[in-house]
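Close look at the chain arrangement
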Amino acid sequence: MTARHAPATERNRDPILAVLRGVMPTSGLVLEVASGTGEHVRYFAEALPGLDWQPSDPDPDARTSVAAWCDGPPNVRPPLLLDATAAEWPIDHADAILCINMVHISPWTATEGLFAGAARLLPPGGPLYLYGPYRRASVSTAPSNEAFDTSLKARNPAWGLRQLEDVIALAEANRLAFERWLEMPANNLSLVFRRT
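Read on for a plain summary of the structure. (Residues numbered from 1 in each chain as written. Predicted model: local features only at pLDDT ≥ 70, side-chain atom pairs only at ≥ 80, totals over all residues. Heavy atoms only, no water.)

**Thoughts on the side chain of Asn 174**
Examined against the element boundaries, Asn 174 turns out to sit in the loop between helix 6 (164–173) and strand 7 (176–184). Here Asn 174 falls in the buried class, since its relative accessible area comes to 17%. Within the local environment of Asn 174, its side chain forms a polar contact with the backbone oxygen of Leu 170, the two atoms lying 2.9 Å apart. Non-local contacts of Asn 174, meaning those with residues more than four positions away in its chain, are made with Phe 115, Ala 116 and Ala 119. (Helix = DSSP H or I, 4+ residues; strand = E, 2+ residues; numbered from the N terminus. Buried < 20%, exposed > 50% of the residue type's maximum accessible area, 1.4 Å probe, protein only. Polar contact = N/O pair within 3.5 Å; in protein donor to acceptor, adjacent residues only side chain to side chain. Contact = heavy atoms within 4.5 Å.)

**What about the nonpolar core?**
Val 33, Ile 97, Leu 128, Leu 130 and Phe 193 are the most contacted members of the largest nonpolar core, which totals 32 residues. At the level of elements, strand 1 (28–33), strand 3 (96–100), helix 4 (108–121), strand 4 (127–132), helix 6 and strand 8 (188–195) are the ones that each hand at least two residues to this core. Counting residues in each nonpolar core, the second largest holds 23 residues, with Leu 17, Val 23, Val 66 and Tyr 131 among its members. (Core = buried A, V, L, I, M, F, W, Y, C linked by side-chain atoms within 4.5 Å.)

**Some thoughts on the sheet that holds strand 3**
In space, the six strands of this open sheet follow the order 2-1-3-4-8-7, with mixed pairing throughout. Unpaired on one side and paired on the other, strand 2 (51–55) and strand 7 mark the two borders of the sheet. Averaged over all neighbouring strand pairs, the angle between strand axes comes to 20°, with direction disregarded. Where strand 3 and strand 4 come together, four bridges link them in parallel fashion. From the neighbouring strand, Leu 98 faces strand 4, where its bridge partner is Tyr 129. Strands strand 1, strand 2 and strand 3 of the sheet are contacted by helix 2 (residues 39–47), whose axis makes an angle of about 175° with strand 2. Each of strand 4, strand 7 and strand 8 is contacted by helix 6, which is oriented at about 15° to strand 8, the strand it contacts most. (Pairing = 2+ DSSP bridges. Axes fitted to C-alpha atoms, helices over the stretch in contact; angles between N-to-C directions.)

**So, the environment of Gly 113**
For Gly 113, the position within the fold is in helix 4. With 55 residues separating them along the chain, Gly 113 and Ile 168 place their C-alpha atoms 14 Å apart. Contacts of Gly 113, omitting those with residues within four sequence positions, involve Ala 84, Thr 85 and Trp 89.

**With respect to unusual backbone geometry**
If you check the backbone angles, Asn 101 has positive phi at about 55° while not being a glycine. Residue placement: Asn 101 occurs in the loop between strand 3 and helix 4. Phi is positive for Asn 187, which is not a glycine, with a value near 60°. Within the element layout of this structure, Asn 187 appears in the loop between strand 7 and strand 8. For Asn 187, a relative accessible area of 39% translates into the label partly exposed.

**Quick look at the packing of helix 1 (residues 7–23) against helix 2**
Running from N to C, helix 1 and helix 2 point in directions that differ by 45°, and their axes come no closer than 10 Å. It follows that helix 1 is oblique to helix 2 by the angle criterion. Here helix 1 runs over helix 2; the crossing is right-handed. Touching Thr 9, Asn 12, Arg 13, Asp 14, Ile 16, Leu 17, Leu 20 and Arg 21 of helix 1 are Glu 39, His 40, Tyr 43, Phe 44 and Ala 47, all from helix 2. Tallied by class, the residues present in the contact of helix 1 with helix 2 amount to six nonpolar, three polar and four charged. (Parallel < 35°, antiparallel > 145°, perpendicular 65-115°, else oblique. Left-handed = near helix turned anticlockwise from the far one by under 90°. Nonpolar A, V, L, I, M, F, W, Y, C, P; charged D, E, K, R; others polar.)

**Remarks on the pairing of strand 7**
Across eight bridges, strand 7 lies against strand 8 in antiparallel orientation. Considered in strand 8, the bridge of Glu 183 is made with Leu 189.

**A look at the side chain of Arg 136**
Looking at the secondary structure, you find Arg 136 in the loop between strand 5 (134–135) and helix 5 (143–155). When near neighbours in sequence (up to four residues on either side) are disregarded, Arg 136 contacts Gln 163, Leu 164, Glu 165, Trp 181, Glu 183 and Leu 189.

Spatial relationships are all this shows, so hold off on functional conclusions.
Put into structure tokens, the structure is as follows:
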């Protein structure tokens, strides 16, 4: 099995973990939507051993990488084939949901599906944590994020940085209350929502 590597993971995993320590429950099942390489879930599973971790990704190569990275920690389950846009997911509950760098590298329908799925799976008070770059009303977007947005749209016109206010409105329409946002390295944000 081939374990892929994303250079940004080493830069952002510790700041993300610091936020997760105050957001995640002390026990239960955490679903990671769009696990990518699998490096994040491996790192978080080792740092938060009281939680069971369920990685997922729609891409078979990504799931192969996740399986390679996560061969070892006993609290990481085999990766699921999960398409966020699907009306039904291959899992019926989660105590928390984590989604890193998917919202801008997917069509808006994936974000719609993510919030709909979180509303179905999470218990009241269960957290949904998002990480990535966003646009904010009355806040200038960093030049690096503008360039990133241009490159994303060149790859796929349906991709690109989302407006934070649109994401919050979508969440609240799906019974997910916006709790807070936190500034993160490289002009990214952590977003925390709770199932009402």
